[in-house]
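Inside the fold
Here are the chains, one letter per residue:
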Amino acid sequence: MYPMTVDHKSLTLDEEGMGKRNSVESVSQARSMAANGFKKNYGTAYDEDNEDNSCCSVIITLFSYILVFLTLPLSIWGCIKVVQEYERAVIFRLGRLKSGGAKGPGLFFIIPCIDTYRCVDLRTGAFDVPPQEILTRDSVTVNVDAVVYYQVSNPLAAICNNDDYNRSTRLLAATTLRNVLGTRNLSEILSDRESIADSMHQTLETATDPWGVHVDRVEIKDVRLPLQMQRAMAAEAEATRDARAKVIASEGEQKSSKALKEAADIIASSPAALQLRYLQTLHSISAEKNSTVIFPLPMELVGAFAEGTESFLRRRKKTTDEEDF
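Keep in mind the model is a prediction, meaning the values are calculated, not measured.

Basis of the calculations
Residues numbered from 1 in each chain as written. Predicted model: local features only at pLDDT ≥ 70, side-chain atom pairs only at ≥ 80, totals over all residues. Heavy atoms only, no water. Axes fitted to C-alpha atoms, helices over the stretch in contact; angles between N-to-C directions. Helix = DSSP H or I, 4+ residues; strand = E, 2+ residues; numbered from the N terminus. Parallel < 35°, antiparallel > 145°, perpendicular 65-115°, else oblique. Left-handed = near helix turned anticlockwise from the far one by under 90°. Contact = heavy atoms within 4.5 Å. Nonpolar A, V, L, I, M, F, W, Y, C, P; charged D, E, K, R; others polar. Pairing = 2+ DSSP bridges. Phe/Tyr/Trp six-rings, centres within 6.5 Å; stacked < 30°, edge-to-face > 60°. Buried < 20%, exposed > 50% of the residue type's maximum accessible area, 1.4 Å probe, protein only. Lys NZ or Arg CZ within 6 Å of the ring centre and 35° of its normal.

Look at helix 6 (residues 165-181) against helix 8 (residues 193-208): their axes get within 10 Å of each other, and the N-to-C directions meet at 135°. As far as their axial angle goes, helix 8 and helix 6 are oblique. Of the two elements, helix 6 crosses helix 8, and the hand of that crossing is right-handed. Only Ile196, Ser199, Met200, Thr203, Leu204, Ala207 and Thr208 of helix 8 make contact with helix 6, whose side of the interface consists of Thr169, Leu172, Ala173, Thr176, Leu177, Val180 and Leu181. Partitioned by chemical class, the residues of the contact of helix 6 with helix 8 number nine nonpolar, five polar and no charged.

In this section: the environment of phenylalanine 109. Tracing the sequence through the fold places phenylalanine 109 in strand 4 (residues 106-109). The spacing of phenylalanine 109 and tryptophan 77 is 32 residues in sequence and 9.9 Å in space, taken between C-alpha atoms. Among all residues touching phenylalanine 109, those that are not within four sequence positions of it are Cys79, Ile80, Ile91 and Lys98.

Okay, the sheet that holds strand 8 (residues 213-224) next. Reading across the sheet, the three strands line up as 6-7-8 and stay open at both edges, with antiparallel pairing between neighbours. At either margin of the open sheet sits one strand with a lone partner, and together these are strand 6 (125-135) and strand 8. Across this sheet, the average inter-strand angle for adjacent strands is 25°, counted without regard to direction. Here strand 6 runs beside strand 7 (residues 141-152); their pairing, made up of nine bridges, is antiparallel. Residue pairing in the sheet places valine 129 in a bridge with alanine 146 of strand 7. Most of the contacts of helix 6 go to strand 6, to which it runs at about 35°, and overall it touches strand 6, strand 7 and strand 8. Most of the contacts of helix 8 go to strand 8, to which it runs at about 145°, and overall it touches strand 7 and strand 8.

Right, let's talk about the packing of aromatic side chains for a bit. A complete count under the given rule lists two aromatic pairs for this structure. Geometrically, the ring pair formed by phenylalanine 108 and tyrosine 117 is edge-to-face, given 5.5 Å between the ring centres and 80° between the ring planes. Judged by relative accessible area, phenylalanine 108 falls into the buried class, the value being 5%. On the basis of an interplanar angle of 65° and a centroid distance of 5.5 Å, the ring pair of phenylalanine 127 and tyrosine 150 is categorised as edge-to-face. One end of the pair, phenylalanine 127, is in strand 6; the other, tyrosine 150, is in strand 7, with 23 residues separating them in the sequence. Accessibility expressed as a relative area gives 8% for tyrosine 150, which makes it buried. Looking at arginine 123, its charged tip hangs above the ring of tyrosine 86, at a distance of 3.8 Å from the centre.

Structure representation (structure tokens):
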């Protein structure tokens, strides 16, 4: 055994004082927590565990049993209670939580004079988080609402650690939604709804676990933007689409011009190819418009007429210049 130093002694005294001041972490409560799966989140320095076996409690309990026995069989209707399959009953005897945990489903017995009980519904419930007006990290005001699905996992903690677990869970969900979305940009809120819902789920699960409430899932319902912001985003998206359409059209013109140049080079290398292309064009026109009359005219003839016209104009101009001179 090593000798205890001054630091060890002071630490031991602090631990003893803390154990006297805080009855929640006492040995008896640790045993009850291990038996019932329930940990108290309340308590004062004046809580005493030995009051449960006081003389007054024993007398009142004995008197209640005698009264129930004397009033049989009428008293049996006040002693037998029934809870549904999806419910559990938390029993208090003389204001203290009765050992044995929550009762149910089915029949259970109470002493009408000294016992009270509260039923807890274990089914999954859902509620809508009211629309929250939130200022995002990039200074945009949005209205966001969500849906939360939850259920009671520990009836003892739900009754003893919270006065109204339904209302507390609703208020906590609203504040958590505001806190989580306040750290996100507008683009993240619109595109990363799943990650936001997962972050809210983890936060709510950690906060409601001491209350005996288990949050199954959280879903973001709708994100409402101001009308001016909607118009600005629509104009931005339209401008982006127009710019993309112009780029695609210019790329198509560039590719078509390259293809026409290659086709012209191929046709120029073979004069018969031009005549075949001409006949193919006539065939496609006659198939689409049967009432159209087409007179083929060779390009050589048109070229001869054009050359003759140009030479005539030159001669006439020359004659006119000589007469003026």
